[in-house]
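If you want the building blocks of each chain, they are given just below.
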Amino acid sequence: MIEILTPAELARAKETGALVAGILQSLKHRTTVGTNLLDIDRWTAAMIREAGAQSCYVDYEPSFGRGPFGHYICTAVNDAVLHGLPHDYTLADGDLLTLDLAVSKRGVAADSAISFIVGDSAAPESVAMIDATERALRAGIAAAGPGGRIGDISHAIGSVLSEAGYPINTQFGGHGIGSTMHQDPHVPNTGRPGRGYKLRPGLLLALEPWVMADTAELITDADGWTLRSATGCRTAHSEHTIAITDDGAEILTLPA
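For the rest of this paragraph, the subject is the sheet that holds strand β10 (residues 218–220). In space, the three strands of this open sheet follow the order β3-β11-β10, with antiparallel pairing throughout. The open sheet has two edge strands with one neighbour each: β3 (80–82) and β10. Pairwise comparison of adjacent strand axes, ignoring direction, gives a mean angle of 45 degrees for this sheet. Here β10 runs beside strand β11 (residues 227–229); their pairing, made up of three bridges, is antiparallel. Its bridge partner being in β11, L218 is matched across the sheet by S229.

Here it is as structure tokens:
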């Protein structure tokens, strides 16, 4: 299903996007060495409830997961990159943490992810990997304009990641979003320009470049959800929800 939002729906999407961005920034500031992943999940649940919003994750049960997700945020540490199931783990100095959050409010969802280093021991290669995903995300957003195509976005993202030397996995990528979290079209993190679905004003997309340092192969953790690098290398992930407008792409999950 591909949804094209009305102006009224787009206004609600902006509200949801601002909420997601605000929660993620609050969590980033609260997360320190010694924070437990389950604490992050509890903080997230409380902020969602206080905002009168709904989690897109807690009851989510797709084909690639094992049963309902059961938590409010994805917390991926070091070699984990996607769908990180919160568990009893205390963050250490130098851990690379990705927080991925999707929330629905007033019938419209927004989705965003940030990666950052916990504490003061920031390995240069980890900082460079996070930076590459952020630059790829900016490139994808710049390529997302009315009349363009999904392949233009994918090509822009993939070019940055490839030039930075990272293998690219195409099993999981960006996606349409609207009344539900995951919709068509799929937005792979590499592609050919001029191909794929034609972008139209009112279309919402969640763009999410993610990489693993030295592999494109994923393995599924014993929890049935968390996806990790097959080699145990570190990973990074950045994501924004954007709206296609007559003037280009508007970022809905940009921090205030």
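Okay, back to it.
Counting across every chain of the model gives zero disulfides. With no disulfide of its own, C56 lies 11 Å from the sulfur of C74, the closest cysteine sulfur. Of all cysteine sulfurs in the structure, the one in C74 sits closest to C233, which takes part in no disulfide; the separation is 19 Å.

A few words now on the packing of aromatic side chains. Under the definition given, this model contains five aromatic pairs. On the numbers, 5.0 Å between centres and 90 degrees between planes, the contact of F69 with W225 is edge-to-face. Residue F69 is located in the loop between β1 (54–55) and β2 (74–77), and its partner W225 is located in the loop between β10 and β11; the two are separated by 156 residues in the primary sequence. The pair formed by F69 and W225 is uniform in burial state, with each residue classed as buried. Joined through ring pairs, the aromatic side chains of Y57, Y60, F64, F69, F172 and W225 make up one cluster. Positioned over the ring face of W43 is R30, at 4.0 Å from the centre of the ring.

As a further point, take the sheet that holds strand β14 (residues 248–251). Across the sheet, five strands lie side by side as β7-β6-β8-β13-β14; this open sheet has antiparallel pairing. A single partner strand is all that each edge strand has here, and the edge strands are β7 (183–187) and β14. Put simply, the sheet's adjacent strands are angled 30 degrees from each other on average, direction ignored. Sheet topology note: the strand β6 (residues 174–176)/β7 ladder contains three bridges and is antiparallel.

Here Q183 is to be found in strand β7. Residue Q183 is classed as buried on the basis of its relative accessible area, which comes to 8%. Residues Q183 and I2, 181 residues apart in the sequence, show an inter-C-alpha distance of 6.3 Å. When sequence neighbours within four positions are dropped, the list of residues in contact with Q183 reads M1, E3, H175, G176, I177 and G178. Within the structure, Q183 has its side chain in polar contact with the side chain of E3 (distance 3.3 Å).

Quick notes on the rules
- Residues numbered from 1 in each chain as written.
- Predicted model: local features only at pLDDT ≥ 70, side-chain atom pairs only at ≥ 80, totals over all residues.
- Heavy atoms only, no water.
- Pairing = 2+ DSSP bridges.
- Helix = DSSP H or I, 4+ residues; strand = E, 2+ residues; numbered from the N terminus.
- Axes fitted to C-alpha atoms, helices over the stretch in contact; angles between N-to-C directions.
- Disulfide = S-S within 2.5 Å.
- Phe/Tyr/Trp six-rings, centres within 6.5 Å; stacked < 30°, edge-to-face > 60°.
- Buried < 20%, exposed > 50% of the residue type's maximum accessible area, 1.4 Å probe, protein only.
- Lys NZ or Arg CZ within 6 Å of the ring centre and 35° of its normal.
- Contact = heavy atoms within 4.5 Å.
- Polar contact = N/O pair within 3.5 Å; in protein donor to acceptor, adjacent residues only side chain to side chain.

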